[in-house]
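# Coordinate analysis (summary)
One letter stands for each residue in the lines below.
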Amino acid sequence: MAIGKVYLIGAGPGDPGLLTLKGRDCLARADVVIYDYLANPLLLDYAPATAEKLYVGKVRGNHSLPQEETNALLLEKARAGLQVVRLKGGDPYIFGRGGEEAVFLREHGVPFEVIPGVTAGFAAAAYAGIPLTHRDVTASLALLTGHDHPERKLSSLDWEKLATGLGTLIFYMGMSNLKLISDELIKHGRPAATPVAVVQWATLPRQQTLVGTLKTIAEDVARAGVEPPAVIIIGEVVKYREELRWYDNLSLFGKRFLITRPRAQAAGFARLLQEQGAETICIPTIEIAPPEDLRPLDAAVQRIGDFDSLILTSTNGVEAFFARLAANRLDLRNLAGVQLVAVGPKTAAAIEAHGLRPDLVPEKFQAEGVVEELLAQGVAGKRILYPRVEIARTLIIDKLQEAGAEVVAPLAYRTIRPKGQEEMIRRLLSAGELDAICFSSSSTFDNLLAMFGDELKTLQGRTEFFSIGPLTSETIRKHGFAVALQAEKWTIDALVAAMVDYYNKNRGQN
Ligand code: SAH
């Protein structure tokens, strides 16, 4: 069998967006991914679902797999003819024993490539607002390990050269030796007032930055209880943080939200929240499934040209409709002359993505808005197709029929409750680490309630409930829960804007 190949890929410091494009492409072709403690597991989503994923990092404070075992694993997988991705935190060749792995592979005749990554020190500086070099302050930079090598004690370093011969210093793995490091630097000529920043969990929403001086930092860290992983940045450049910090100033920085939308729609929402510095966890409480019987929808779709109007009230409805249009071997031309009504901007955008422009998007993005505007237009004798959801309200059907329209409302899709989500949600809620759960429809709440029943009250703790609009809020309140925040405009964008406002206001009060 032909031997496989090993790709040593830098996963970057944590923020998944900091993986290189080449690394991502390479992950997408992997048969096996062998990853570390500091490589963000979210990156595994870029590997094929069928790829084997093996964790070789630390488990709860215990040691990682011994290096020999990791090496043996790389060899075994490569010899099996597989494309092996060795995903390492930061850059593979900076303090991650990537050099040792490469030498081992080379000695065993295994072909390999190295794809660099953004190393933690550089990323921590960028996200903490510290330019590592600055013309006015320093012209040199050194990366150092603060970890004792078995045969080379840290205390035996040439501290005088380090203290006086270099500008900015970044220590990796230095937290347990922080006192020794700062003492030695002062003793050998660095001013005790030199600013120091300790950046923990850099580039992730739980990033924490502590600033002190060489004299104070060890005590500051002990007092604040900051633990590894963290990098220590020493030098005058640290002062720039005051004016250049940005990441931890983002409106939703440090907040953690649970998104309960179906997976296909969660991504856009999650990205908007992440752009504001939030951490998002997506566990859908609803899933979209086709109706059990497609015949009524198909029958209506086949005679689409006979209708005066087509009302679509969700992106799922849009996708279901166009899927059946294609399945029935029809196309956009069959919609000529049919008035297209979209309930809101997102639905309108979904229609536009299919190459059609809606004729009507009501001012009020709700069923009420659709009814009002259609009634104003006059519907008596009109034939209207309204592909609906099982659990939707009947308002549109009732009101339009009352006004003399013929409304055909076949089921377009249904929502079902995904299995196996309870445990994860329970764990998150009982750990008390969720700031809020975001509900994007009544059914996302109903299903959560169905999962936990009365237990939800005790589980909720200090987790708040955010709602996308009045109907969802009503559902939440009806069951005796408080709605901390509701979007003004019934869209995800409006919900994100409301969340930003909410925390900005709360911050103002602190
Ligand atoms: N190859 C990695 C470093 C591995 S050594 C890289 O290039 O970044 C492990 C050390 O890296 C940790 O002890 C810590 O000092 C640092 N580190 C890694 N990820 C970090 C993060 N997100 N925030 C702060 N420090 C981090």
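Everything here concerns the structure above.
Nothing here was measured: the structure is a model prediction, and the numbers come from that model. (Residues numbered from 1 in each chain as written. Predicted model: local features only at pLDDT ≥ 70, side-chain atom pairs only at ≥ 80, totals over all residues. Heavy atoms only, no water.)

Below, the discussion takes up the pattern of salt bridges. Two side chains of opposite charge can pair, provided their charged atoms sit close to one another. As enumerated under the stated definition, the model contains 29 salt bridges in all. In this structure, the salt-bridge partner of arginine 86 is aspartate 36, at a minimum N-O distance of 3.1 Å. Of this pair, arginine 86 sits in strand β4 (residues 83-88) while aspartate 36 sits in the loop between β2 (32-35) and β3 (52-55), and the two are 50 residues apart along the sequence. Note on aspartate 36: relative accessible area 17%, which makes it buried. (Salt bridge = Lys/Arg side-chain N within 4 Å of Asp/Glu carboxyl O. Helix = DSSP H or I, 4+ residues; strand = E, 2+ residues; numbered from the N terminus. Buried < 20%, exposed > 50% of the residue type's maximum accessible area, 1.4 Å probe, protein only.)

Our focus in this paragraph is the packing of aromatic side chains. Within this structure, the stated rule accounts for 19 aromatic pairs. Considering the side-chain rings of phenylalanine 445 and phenylalanine 481, the 5.7 Å spacing of their centres and the 70 degrees angle between planes classify their relative orientation as edge-to-face. With phenylalanine 445 in helix α16 (residues 442-452) and phenylalanine 481 in the loop between α18 (470-478) and β22 (485-486), this pair connects stretches of sequence that are 36 residues apart. For phenylalanine 445, a relative accessible area of 0% gives the class buried. Between phenylalanine 466 and tyrosine 502, the aromatic rings sit 5.4 Å apart at their centres with planes inclined by 75 degrees, giving edge-to-face as the arrangement. (Phe/Tyr/Trp six-rings, centres within 6.5 Å; stacked < 30°, edge-to-face > 60°.)

Here strand β14 (residues 309-312) shows two buried faces, one formed by Ser309 and Ile311 and the other by Leu310 and Leu312. Strand direction decides the pairing type here: β14 and strand β15 (residues 339-342), joined by four bridges, are parallel. By the bridge assignment, leucine 312 is partnered in β15 with alanine 342. Once the chain exits β14 it traverses helix α11 (residues 315-327) before rejoining the sheet at β15, and the crossover so formed is right-handed. For β14 and strand β16 (residues 383-385), the ladder comprises two bridges, and the chain directions are parallel. Each bridged residue has a counterpart across the sheet, and for leucine 310 the counterpart in β16 is leucine 385. (Pairing = 2+ DSSP bridges. Right-handed = clockwise from strand over helix to strand, strands pointing away.)

Glancing now at the packing of helix α15 (residues 422-430) against α16. Axes are the key here: two packed helices are described by the angle between their axes and the distance separating the axes. Put simply, α15 and α16 touch, their axes get as near as 11 Å, and they point 90 degrees apart. With respect to α16, the axis of α15 lies roughly perpendicular. Facing Glu422, Ile425 and Arg426 of α15, the residues of α16 in contact are Leu448, Met451 and Phe452. Looking at the contact of α15 with α16, its residues break down into four nonpolar, no polar and two charged. (Axes fitted to C-alpha atoms, helices over the stretch in contact; angles between N-to-C directions. Parallel < 35°, antiparallel > 145°, perpendicular 65-115°, else oblique. Contact = heavy atoms within 4.5 Å. Nonpolar A, V, L, I, M, F, W, Y, C, P; charged D, E, K, R; others polar.)

With respect to the secondary-structure elements, threonine 285 resides in the loop between β12 (279-282) and β13 (287-289). In this structure the side chain of threonine 285 is engaged in a polar contact, spanning 2.9 Å, whose partner is the backbone oxygen of threonine 444. When sequence neighbours within four positions are dropped, the list of residues in contact with threonine 285 reads Thr260, Ile416, Arg417, Pro418, Ile425, Thr444, Asn447, Leu448 and Met451. (Polar contact = N/O pair within 3.5 Å; in protein donor to acceptor, adjacent residues only side chain to side chain.)

In this section: the site of the ligand. Taken together, 17 residues are adjacent to the ligand, and Asp91, Ile94, Thr119, Ala202 and Ala230 come closest. In the model, an oxygen atom of the ligand is placed 2.8 Å from a nitrogen or oxygen of the aspartate 91 main chain. Within the backbone of alanine 120, one N or O atom sits 2.8 Å away from an oxygen atom of the ligand. When the ligand sits alone it has 540 Å² of accessible area, and the protein chains cover 92% of it. Its residues placed into classes, the shell around the ligand shows 13 nonpolar, three polar and one charged. (Near = heavy atom within 4 Å. Areas by Shrake-Rupley, 256 points an atom, 1.4 Å probe, with all protein chains shown as cover.)

Reading across from one edge, β3-β2-β4-β1-β5 is the order of the five strands in this open sheet, with parallel pairing throughout. Each edge of the open sheet carries a strand with a single partner, namely β3 and β5 (112-115). If you compare each strand with its neighbour and ignore which way they point, the axes differ by 20 degrees on average. Two elements, β2 and β3, share four bridges in a ladder whose sense is parallel.

Bringing the sheet that holds strand β8 (residues 195-200) into the picture now. Spatial ordering of the open sheet is given by β6-β7-β10-β8-β9, a layout of five strands whose pairing is mixed. Here the strands that pair on one side only, and so sit at the sheet edges, are β6 (141-145) and β9 (208-213). This sheet shows a mean twist of 20 degrees between the axes of neighbouring strands, independent of strand direction. In this structure, β8 lies alongside strand β10 (residues 230-234), joined through five bridges in antiparallel fashion. Each residue of the ladder has a partner; that of valine 196, found in β10, is isoleucine 234.

The grouping of Tyr37, Leu38 and Tyr55 at the surface amounts to a nonpolar patch, some 270 Å² of accessible area in total. Considering the arrangement of structural elements, one finds leucine 38 in the loop between β2 and β3. (Patch = residues over 30% accessible without salt bridge, like charges linked within 9 Å, V, L, I, M, F, W, Y side chains within 5 Å.)

Turning to helix α13 (residues 367-377), a few remarks are in order. Within an α-helix, residues lying three or four positions from one another point in the same direction, as the helix has 3.6 residues per turn. Of the positions making up α13, those classed as buried are Ala367, Gly369, Val370, Val371 and Leu374. Where α13 is buried, its residues meet β14, β15 and α14 (395-402). Glycine 378 sits one or two residues past α13 and shows a positive phi near 90 degrees.

Moving on, we get to α18. The complete set of buried residues in α18 reads Thr472, Ser473, Thr475 and Ile476. For α18, the arc enclosing every buried residue in end-on projection is 160 degrees, short of the 170-degree limit, so these residues lie on one face. Facing away from the buried side of α18 by more than 90 degrees, the exposed set consists of Glu474 and Lys478. Here the buried face of α18 lies against β20 (436-439), α16, β21 (464-467) and β22. Glycine 480 sits one or two residues past α18 and shows a positive phi near 85 degrees. (Arc of directions from axis to C-beta.)

In this chain, proline 228 is followed by proline 229 through a cis amide linkage whose omega measures 0 degrees. If you trace the backbone, proline 229 turns up in the loop between α7 (217-224) and β10. Positive phi, normally seen in glycine, also occurs at threonine 203, with a value near 70 degrees. With respect to the helices, strands and loops of the structure, threonine 203 is situated in the loop between β8 and β9. A positive phi angle, close to 70 degrees, is found at tryptophan 490, a residue other than glycine. Note on placement: tryptophan 490 falls in the loop between β22 and α19 (492-509).

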